[in-house]
Amino acid sequence: MNVNFTLMNMPRDPENTKPSVFAASFLYFVALSGLYILPLALGFLQLIFGNFLLPEINSVMQVMYYLLFIVIPLLIYAKRHPSACADVMRINPLSVKTALLCTVAALIAVYLSQLLTVLWTILIESTIGTPPDTGFQIPTTAMGLGVSIVTIAILPGVCEELLFRGAILGAWEIRGSKRAIVISSLWFMLMHGTIAGMPVQFLSGLMLGIIAVSTDSIFGGMVFHTVYNAATLILAYVLNQQTNTPVESAQSTLDAIGGITGVFELILPACLFTALLVLVIKAIDADRIKRNGAQFGYPAAVKHDLGFAEYLVMGASFSIVFLYYLEDLLLIMGWI
């Protein structure tokens, strides 16, 4: 029995049109390298200017990072391999209904991520130590909020989707879309470099991968990612404007929520919002099935062994990741 696994607007031979694992791994390595290079440049500028114009310098650095270490490398690859990028980037239209469903999913995910972060932080504090504050700088003015929406919501929402749900997801799809979603989600999580954010970042990567494959459009993930980051930023801004009460640094997260009773009070809404999010994701996928009745993504193709070059580049990337997580672990344990 012949089964057609080809999605609408997808080619029949992904092996000949998808970017190689080596290319995706190299793009990932470049993006990781930028996370080390630009902070060094920022430190140099601070030596010159001090903290004067620090927020503005941070914003410029954020823009420079996405342009120099994600967008330009992707454009160079796209110019040299136009046939690969035409398919892998999934530049297909997104219906208004699907865009609204992606927006709703992102808003639900914002609340769910807050609950999961609290529960995960309690586990870290009870086993390792206190996680450092690695969140974004909360703006204090409306203008600062607008700038932050561009640098923290829109830029990552567009550029990171092109890298992770574009190049990386596409490169691994020859091994099956489901495996590719898991691998791209792991790489997405590892790039953020924080132990405290691991569960939320991995689950977010899974949702973004499912949305990209279900909609067969890079724009679905961009909508979700941008709305998620923007809503998180706006929520933090509003809460920061409304409260003037300093938080006791010596108080643990478990004590702050009322002990074990507070944990159980968080688990129930976390389960409810998880179920709600699953229903919305299923609605997005149901819209795809109704539209073209296609199989979910690509099936696993013939086994493809990785070569020395792929392992070398991935090893270099994971060496950088290891240093990130080692530093974060030592900060949590209070050793540095």
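The model shown is predicted, which means the values in this text are computed figures rather than measured ones.

Q: What is the right way to look at the overall build of the chain in this model?
A: Across its full length, the chain holds 12 helices and 0 strands. Secondary structure elements in the chain, listed N-terminal to C-terminal, are α-α-α-α-α-α-α-α-α-α-α-α. Every one of the 336 residues in the chain was classed for burial, and the buried ones make up 45%. Across the chain, every contact between residues at least 6 apart in sequence was considered, and the portion connecting residues at least 24 apart equals 83%.

Q: Mind showing me how you'd approach the environment of Val263 here?
A: Within the element layout of this structure, Val263 appears in helix α11 (residues 260–292). A residue is classified by how much of its surface remains accessible, and Val263, at 15% relative accessible area, is buried. Note: C-alpha distance between Val263 and Leu115 (148 residues apart in sequence) is 9.7 Å.

Q: Looking at this model, I keep getting lost on the packing of helix α6 (residues 142–172) against helix α7 (residues 177–192). Mind explaining?
A: Two quantities define a packed helix pair, namely the angle between the helix axes and the distance between the axes. Following both chains from N to C, one finds α6 and α7 inclined at 140°, their axes separated by 8 Å at the closest point. Classified by the angle between their axes, α6 and α7 sit oblique to one another. Here α6 runs over α7; the crossing is right-handed. Contacts between α6 and α7 involve Glu160, Phe164, Arg165, Ile168, Leu169 and Trp172 on the former and, on the latter, Ser177, Ala180, Ile181, Ile183, Ser184, Trp187, Phe188, Met191 and His192. Looking at the contact of α6 with α7 residue by residue, the class counts come to 10 nonpolar, 3 polar and 2 charged.

Q: Help me out: how do you make sense of the side chain of Thr215 in this one?
A: Within the fold, Thr215 resides in helix α8 (residues 198–215). According to the relative accessible area criterion, Thr215 is buried, its value standing at 7%.

Q: Help me out: how do you make sense of the confidence of the model for the chain in this one?
A: The predicted coordinates ought not to be read in detail in places where the model reports low pLDDT. For the chain, per-residue confidence averages 85 on the pLDDT scale, and 86% of positions sit at 70 or higher. Note on residues 1–14: pLDDT is under 50 here. Beyond four places in sequence and across chains, it has 28 contacts.

Q: Help me understand the packing of aromatic side chains in this model?
A: Aromatic ring pairs are described here by two measures, namely the spacing of the ring centres and the angle between the planes. Counting across every chain of the model gives 12 aromatic pairs. Aromatic side chains Tyr28 and Trp187 sit 4.8 Å apart centroid to centroid with 25° between the ring planes, which places their arrangement in the stacked category. Of the two residues, Tyr28 sits in helix α2 (residues 21–49) while Trp187 sits in helix α7, which places them 159 residues apart along the sequence. For Trp187, a relative accessible area of 5% gives the class buried. A centroid spacing of 5.2 Å and a plane angle of 85° characterise the contact between Phe164 and Phe188, whose relative ring orientation is edge-to-face. Pair noted here: Phe164 is in helix α6 and Phe188 is in helix α7, with a separation of 24 residues, a long-range link.

Q: Honestly, the pattern of salt bridges in this entry has me stumped. Any pointers?
A: Once the charged atoms of two side chains with opposite charge are near each other, the side chains can pair. As enumerated under the stated definition, the model contains 3 salt bridges in all. Of the charged contacts in the structure, one is a salt bridge between Arg90 and Asp216, with a shortest N-O distance of 3.4 Å. Of this pair, Arg90 sits in the loop between α4 (82–88) and α5 (96–127) while Asp216 is found in the loop between α8 and α9 (218–242), placing the two residues 126 residues apart along the sequence. The buried category is assigned to Arg90, whose relative accessible area is 1%. With a relative accessible area of 6%, Asp216 lands in the buried category. When salt bridges that share partners are traced, they join Arg90, Glu173 and Asp216 into one network.

Q: Just to check I follow, could you spell out the nonpolar core for this structure?
A: Soluble globular proteins: nonpolar side chains tend toward being buried together. One finds Tyr28, Ile70 and Phe224 to be the most contacted residues of the largest nonpolar core, which totals 68 residues. No other element matches α5, which puts 10 residues into this core. The residues contacting Ile70, other than those within four sequence positions of it, are Ala31, Tyr65, Cys159, Leu163 and Met191.

The rules we used
Residues numbered from 1 in each chain as written. Predicted model: local features only at pLDDT ≥ 70, side-chain atom pairs only at ≥ 80, totals over all residues. Heavy atoms only, no water. Helix = DSSP H or I, 4+ residues; strand = E, 2+ residues; numbered from the N terminus. Buried < 20%, exposed > 50% of the residue type's maximum accessible area, 1.4 Å probe, protein only. Contact = heavy atoms within 4.5 Å. Axes fitted to C-alpha atoms, helices over the stretch in contact; angles between N-to-C directions. Parallel < 35°, antiparallel > 145°, perpendicular 65-115°, else oblique. Left-handed = near helix turned anticlockwise from the far one by under 90°. Nonpolar A, V, L, I, M, F, W, Y, C, P; charged D, E, K, R; others polar. pLDDT = per-residue confidence, 0-100. Phe/Tyr/Trp six-rings, centres within 6.5 Å; stacked < 30°, edge-to-face > 60°. Salt bridge = Lys/Arg side-chain N within 4 Å of Asp/Glu carboxyl O. Core = buried A, V, L, I, M, F, W, Y, C linked by side-chain atoms within 4.5 Å.

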